[in-house]
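# Understanding the architecture of this molecule
Each chain, written out:
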Amino acid sequence: MNEKRVLFLISMVEEDFYNLRHIKEDIKKEYIKYFSQVENLKIVERPHQLNSITVTPMKFGNVSGHWLAANISTPSKVIDKPMTVEVLKQELIKEKYSHVCISAFLDGYFNFKKSMEYLIKEHPSIVRVLGNIGALYDQFTQYFKPENICYGDGVPFLRKLLNEPLDQPYYIPSTTGYLEMLGDKKNKIFAGVLTTSTGCTHKCDFCGTSVLFQGKFNKYNFTAEDVYRAIKEMEE
């Protein structure tokens, strides 16, 4: 297809990063030789030790997808629900896309794998683009051409891929969601995410962000007015 249109998806578990039931299931399906190490874990609900302010479960959908979509001029759509074959299939029936960009977390790998197999078989002409922590693992990158894997700042990477000007100003999207206070699913409060920078300078050896951005911090020089406008949009 000649007309460009981008679909942004996110590969993650259904609820939040602490839903260990899904991770255990993925290990059984994809990494059977390691399953014996977790087979006897009794995971009925979120472990009590995770129910604290410091690890409050949250749900904001596809934050990176909204950030990228807001900073390209190519028509696009962001899907906030976790990627599955059915989600992908329904969207590709409704619209024609030239590019599918996936923000991949390590959890939910089974759905990621099945979605990629479907995309390659049924829509081989669509350009597949990979970003986030999944870009550091062969199990994810095997489904993408090397030139379509983003390891750092996604905006200039995507602008270059789509043949857009690299010097366009950046825009802060308003991404809303909720927090579960003290791990209580019934006690949710409205919250929002404002992306005003990417990367990190601290280079912690346990952090994937340090590897993805190679210790670089990207500050986009947003003004106070830019941030205020984004907050007002969030409230509306």
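Here the structure is shown first, and the text comes after it.
None of these values were measured; they are calculated from a predicted model.

Evaluation of the coordinates by the stated rule reveals 10 aromatic pairs. Ring plane angle 25° and centroid distance 6.3 Å describe the contact between Phe112 and Phe144, whose orientation is recorded as stacked. Of the two residues, Phe112 sits in helix α4 (residues 109-122) while Phe144 sits in the loop between α5 (138-141) and α6 (154-161), which places them 32 residues apart along the sequence. Ring-pair connections join several aromatic residues into one group, and the members of that group are Tyr109, Phe112, Phe140, Tyr143 and Phe144. It is Arg159 that lies over the ring of Tyr170; its NZ or CZ is 4.8 Å from the centre.

So, on to α4. End to end, α4 covers 20 Å across 14 residues, agreeing with the expected 20 Å (1.5 Å per residue, within 8%). Within α4, burial applies to Tyr109, Phe112, Lys113, Ser115, Met116, Tyr118 and Leu119.

Describing two packed helices takes the angle between their axes plus the distance from one axis to the other. Between helix α3 (residues 85-94) and α4, the least distance of the axes is 8 Å, while the angle of their chain directions is 35°. Of α4, the residues touching α3 (which contributes Val85, Leu88, Lys89 and Leu92) are Lys114, Ser115, Tyr118 and Leu119. Among the residues forming the contact of α3 with α4, the class breakdown is 5 nonpolar, 1 polar and 2 charged.

Attention now moves to the pattern of salt bridges. This model, assessed by the stated rule, comprises 6 salt bridges. Residues Glu91 and Lys94 are paired through a salt bridge, measuring 3.4 Å at the closest nitrogen-oxygen approach. Here Glu91 pairs with Lys94, and both are found in helix α3, just 3 residues apart, close to one helical turn. The exposure class assigned to Glu91 is buried, which follows from its relative accessible area of 4%. Note on Lys94: relative accessible area 56%, which makes it exposed. Across the pair Glu117 and Lys113 runs a salt bridge, and its minimum N-O distance is 2.7 Å. Here Glu117 pairs with Lys113, and both are found in helix α4, just 4 residues apart, close to one helical turn. Judged by relative accessible area, Glu117 falls into the partly exposed class, the value being 32%.

Calculation notes
Residue numbers run consecutively from 1 along every chain, following the written order of its sequence. In keeping with the model being predicted, local features are shown solely for residues with a pLDDT of at least 70 and side-chain atom pairs are shown and tallied solely at 80 or more, while totals for entire chains, interfaces and linings include all residues. Derived side-chain values reflect all non-hydrogen atoms in the structure, with water molecules and hydrogen atoms excluded from consideration. By convention, a stacked pair of Phe, Tyr or Trp rings (six-membered ring in the case of Trp) has centres within 6.5 Å and planes under 30 degrees apart, an edge-to-face pair has planes over 60 apart, and any other such pair is tilted. By the criteria applied, helices consist of DSSP H or I runs no shorter than four residues and strands consist of E runs no shorter than two, each listed in order from the N terminus. Both a distance and an angle decide whether a charge sits over a ring: NZ of Lys or CZ of Arg must be within 6 Å of the ring centre and within 35 degrees of the ring normal. To estimate the expected span of a helix, count its residues, drop one, and scale the result by 1.5 Å. Burial here depends on accessible area, computed with a 1.4 Å probe over protein chains only, as a share of the maximum for the residue type. Under 20% is buried, over 50% is exposed, and the range in between is partly exposed. Interaxial angle, 0 to 180 degrees, is taken between N-to-C directions of lines fitted to C-alpha atoms, where a helix line uses only the stretch in contact. Residues are treated as being in contact if the distance between any of their heavy atoms lies within 4.5 Å. Charged residues are taken to be Asp, Glu, Lys and Arg, nonpolar residues to be Ala, Val, Leu, Ile, Met, Phe, Trp, Tyr, Cys and Pro, and polar residues to be all remaining types, Gly included. Throughout this description, the term salt bridge denotes a Lys or Arg side-chain nitrogen within 4 Å of a carboxyl oxygen of Asp or Glu.

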